[in-house]
Amino acid sequence: MIKVGITGGIGSGKSTVCRMFAEHGVPVFDTDSAAKSIMSGDKCIKKRIVDLLGEKAYENGSLNRKYVSAAVFSDKGLLHALNSIVHPAVARKFELWAGKQNAPYVIMECAILLESGFDRLVDKIVAVSATEQSRIRRTALRDGVEEESVKKRIANQMSESERRSHADYIIENTDLKSTAAQVERLDKLFRE
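Now for a description of the structure that goes with this document. (Residues numbered from 1 in each chain as written. Predicted model: local features only at pLDDT ≥ 70, side-chain atom pairs only at ≥ 80, totals over all residues. Heavy atoms only, no water.)

**Focus: the pairing of strand E6 (residues 124-129)**
For E6, a buried count of five out of six residues is recorded, marking the element as mostly surrounded by other parts of the structure. For strand E1 (residues 2-7) and E6, the ladder comprises four bridges, and the chain directions are parallel. Bridged to Ile6 within E6 is Val126. (Buried < 20%, exposed > 50% of the residue type's maximum accessible area, 1.4 Å probe, protein only. Helix = DSSP H or I, 4+ residues; strand = E, 2+ residues; numbered from the N terminus. Pairing = 2+ DSSP bridges.)

**Structural notes on the packing of helix H2 (residues 31-41) against helix H3 (residues 43-53)**
At a closest axis distance of 6 Å, the pairing of H2 and H3 adopts a crossing angle of 80°. One element, H2, and the other, H3, form an angle in the roughly perpendicular class. On H3, the residues that touch Ile38, Met39, Ser40 and Gly41 of H2 are Lys43, Ile45, Lys46 and Ile49. For the contact of H2 with H3, the residue count by class is four nonpolar, two polar and two charged. (Axes fitted to C-alpha atoms, helices over the stretch in contact; angles between N-to-C directions. Parallel < 35°, antiparallel > 145°, perpendicular 65-115°, else oblique. Contact = heavy atoms within 4.5 Å. Nonpolar A, V, L, I, M, F, W, Y, C, P; charged D, E, K, R; others polar.)

**Concerning the pattern of salt bridges**
Taken as a whole and assessed by the stated rule, the structure comprises eight salt bridges. In this structure, Glu95 and Lys3 form a salt bridge, with 3.0 Å as the shortest nitrogen-oxygen distance. Note that Glu95 is positioned in helix H5 (residues 76-100) and Lys3 in strand E1, a separation of 92 residues in sequence. On the basis of relative accessible area, Lys3 is assigned to the buried category, the value being 19%. Because the salt bridges share partners, they merge into one network encompassing Arg135, Glu160 and Arg163. (Salt bridge = Lys/Arg side-chain N within 4 Å of Asp/Glu carboxyl O.)

The following block contains the structure:
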């Protein structure tokens, strides 16, 4: 079974592309959802996060996302420490999940595929690409935030050119019809 990692910058359309693959019957593992589930449900992980970030990391037993985000995105050392707790657990969950799938290939959706080291868990990398203007507009609309806020988030991510340089395939997400055609071509290729 081939393991395909799908990555792309904020607002590039990773989730849209993954939904298109899922419509072709391809199992998709969402690393963001897995991380949230682990951070909320795994008692050992929760304890380690509290040890790292303090009691405020959880409110009424639930992850205090606002507090955690504010803490780690203003301190790269804390972000690295949190990632070193969560990423290995997500990687284990992906490997277990992939082992249970009965498909010619599976997909790992991961915004930080390369930065997290998860690229080592996949056989092929697909980068979803869109113009910066499109990414800013989509994200601002989706998240209900100002465009300046989105630009700051983009500035903190891996550059588009660097991400593309690591990809085996690139999906240019300009319009849904063209994107669907590119997904269909890759689906056929991965099934061969």
